[in-house]
Amino acid sequence: MFTVVGLGEVLWDVYDGDKRLGGAPANFALHVLQLGHDGIVVSRVGRDELGREITESLKSMGASTEYIQEDEEHPTGTVRVSLDPQGRPSFFIVPEVAYDYLEYTQRLRALAERAEAVLFGSLAQRNPKSREAIRSFLGDAGRALKVLDVNLRAWDPETQEVVRESLKFADVLKVNDEELERLKELLGRGDEDVRSFLRRLIGEFPIKLVALTLGERGCVLATSEGFVPSPAMEVVPLDTTGSGDAFAAALVVGLLEGKELEEVADFANALGGFVATRKGAVPSYTPSEVERFSNDTPRRKTPKI
């Protein structure tokens, strides 16, 4: 069993008054847990009713709350989510909440030193306090596979600088096709073709693998040795809110388990597709359910970039 950390935000996604547990790093860790490994959420909640409900929800899902800090001054994070007719979400993210003030403690240092993988993103680094804590954790996670899930929720100058600096910490980069265009602009390569730019990312940063997700087309895994495309599942999405986090969990678990990249990509697409057919970011499932879904569901054409 691997120790895998989702480092950053845990919050409530609110849909027309109905709330569901969310936050990309938290979703990621909970998917890792359902895949049979020790998925650990590291975040901060307010000392309020919403914060208590988060810890109770995590416990009910079998997740540890040991690394969920409590904040007496700032409220638990919330995001208002709306879905378009294709199930694609849009977000309004409340600022100045508890996860913006994550503190780096001795307990977190000990976790960093034993973690085998850690996923982090840009949202929880919007505040200097949490940004410092996240980067301290990454600095002490010497043996861990460090995965940057760009997961853009803004593209202001501060976010751009956060992303630029975060690339320097990452072994694995997960990015969708829209975010890739933003990265190309950020690094002054707006006219570069996708394959050349992916090679550039791997050559200029510590990144060893880029997972480029292409929505309903599937994904491409890029390394210094080449490109591994994988087609998406042929499904009608109900709610895509947690699909990318599920994809990231399957990707990381597959890499840690030493699977071939083709198998890693296919299973990551399968889990992402499975989650898109369910409501909520982290529906309950078993790996065998996902395997049956993968075997029984047709796939689309292999994507090209």
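Novice: Quick question: what am I supposed to make of the overall build of the protein here?
Specialist: When helices and strands are counted, the protein shows 10 helices and 13 strands. Whereas a compact globule of 305 residues would reach a radius of gyration of roughly 19 Å, the protein reaches 18 Å, a difference of no more than 12%. In terms of overall dimensions, the protein has C-alpha extents of about 50 × 40 × 35 Å along its principal axes. Contacts in the protein between residues far apart in sequence, at least 24 positions, make up 71% of those at least 6 positions apart. Just so you have it, the protein exposes about 13200 Å², and 46% of that area is on carbon and sulfur atoms. Considering the protein, the positive charge centre built from 37 side chains and the negative charge centre built from 50 side chains are found 2 Å apart.

Novice: Which parts of the structure should I look at to understand the environment of G23?
Specialist: Along the chain, G23 falls in the loop between β3 (18–22) and α1 (24–34). G23 gets classed as buried once you look at its relative accessible area, which sits at 9%. A sequence separation of 246 residues divides G23 from N269, and the C-alpha atoms of the two residues are 20 Å apart. G23 has contacts with E9, L11 and D13, leaving out every residue within four places of it along the chain.

Novice: Would you mind going over the nonpolar core with me for this structure?
Specialist: What tends to happen in soluble globular proteins is that the nonpolar side chains get buried as a cluster. Counting 51 residues, the largest nonpolar core has V5, V42, F137, L173 and V210 as the members making the most contacts within it. Residues contacting V5, with those up to four places away along its chain left out, are F28, I40, V42, L111, A115, A117, V118, L119 and F137. In this structure, A117, V172, V275 and V290 belong to the second largest nonpolar core, which totals 33 residues.

Novice: Is there a simple way to think about the sheet that holds β3 in this case?
Specialist: As a general point, the strands of a sheet are linked pairwise by backbone hydrogen bonds and lie either parallel or antiparallel. A sheet is described by the order of its strands in space; here 4 strands give the open sequence β3-β2-β6-β7, paired in mixed fashion. The open sheet has two edge strands with one neighbour each: β3 and β7 (89–93). Strand-to-strand twist across the sheet, computed as the mean angle between neighbouring axes with direction ignored, equals 30°. Note: strand β6 (residues 78–83) against β7, 5 bridges, orientation antiparallel. Among the inter-strand pairings, R80 is bridged to a residue of β7, identified as F92.

Novice: Before we go on, may I ask you to explain the environment of E113 in this structure?
Specialist: Its place among the elements puts E113 in helix α3 (residues 106–114). You can call E113 partly exposed: its relative accessible area is 47%. Expressed as a C-alpha distance, the spacing of E113 and E225, which sit 112 residues apart in the sequence, is 30 Å. Residues within four places of E113 in sequence aside, it is in contact with D140 and R143.

Novice: Before we go on, may I ask you to explain the layout of surface pockets in this structure?
Specialist: Over the atoms, a rolled probe matching the size of one water molecule traces out where space is still vacant. Approximately 1500 Å³ is the volume found for the largest pocket. Together, 46 residues line the largest pocket, and P89, N176, G215, T240 and G244 are the ones closest to its centre. Counting only elements with at least two residues in the lining of the largest pocket, the list comes to β2 (11–15), α1, β7, β10 (172–176), α6 (177–186), α8 (243–256) and α9 (261–276). Among the residues making up the lining of the largest pocket, the classes are represented as 17 nonpolar, 15 polar and 14 charged.

Conventions we followed
In this numbering scheme, every chain counts its residues from 1 along its sequence in written order. It should be noted that, the model being predicted, local features are given only for residues of pLDDT at least 70 and side-chain atom pairs only at 80 or more, the latter also being counted only at that level, while totals for whole chains, interfaces and linings use all residues. As a rule here, side-chain values come from all non-hydrogen atoms in the structure, and water together with hydrogens is ignored. Put simply, DSSP marks the helices as runs of H or I at least four residues long and the strands as runs of E at least two long, and each gets a number from the N terminus on. In this description the radius of gyration comes from C-alpha coordinates, and the expected globular size is given by 2.2 Å times residues to the power 0.38. The contact rule is simple, with two residues in contact once any of their heavy atoms fall within 4.5 Å. Surface accessibility in these figures is a Shrake-Rupley result with a 1.4 Å probe; residues are shielded only by whichever protein chains are displayed. A residue counts as positive if it is Lys or Arg and as negative if it is Asp or Glu; His and the chain ends are not included. By convention, charge coordinates are those of NZ in Lys, CZ in Arg, CG in Asp, or CD in Glu. Relative accessible area decides the class of each residue, using a 1.4 Å probe on protein chains only: under 20% of the type maximum gives buried, over 50% gives exposed, and in between gives partly exposed. Only buried residues count toward a nonpolar core, which is a set of Ala, Val, Leu, Ile, Met, Phe, Trp, Tyr and Cys residues joined through side-chain atoms within 4.5 Å. Here, strands pair whenever DSSP counts at least two bridges between them. Note on method: axes are straight lines fitted to C-alpha atoms, helices fitted across the in-contact stretch only, with angles between N-to-C directions ranging 0 to 180 degrees. Cavity means a closed set of points on a 1 Å grid over the protein atoms alone, one where a 1.4 Å probe fits but cannot get out, pocket means an open set with protein on both sides within 12 Å along at least 5 of 7 lines, and lining means a residue has an atom within 4 Å of a point. Grid points are joined across faces, edges and corners, and a volume is the space filled by probe spheres set on the points. Amino acids outside the nonpolar list (Ala, Val, Leu, Ile, Met, Phe, Trp, Tyr, Cys, Pro) and the charged list (Asp, Glu, Lys, Arg) are all regarded as polar, and Gly is one of them.

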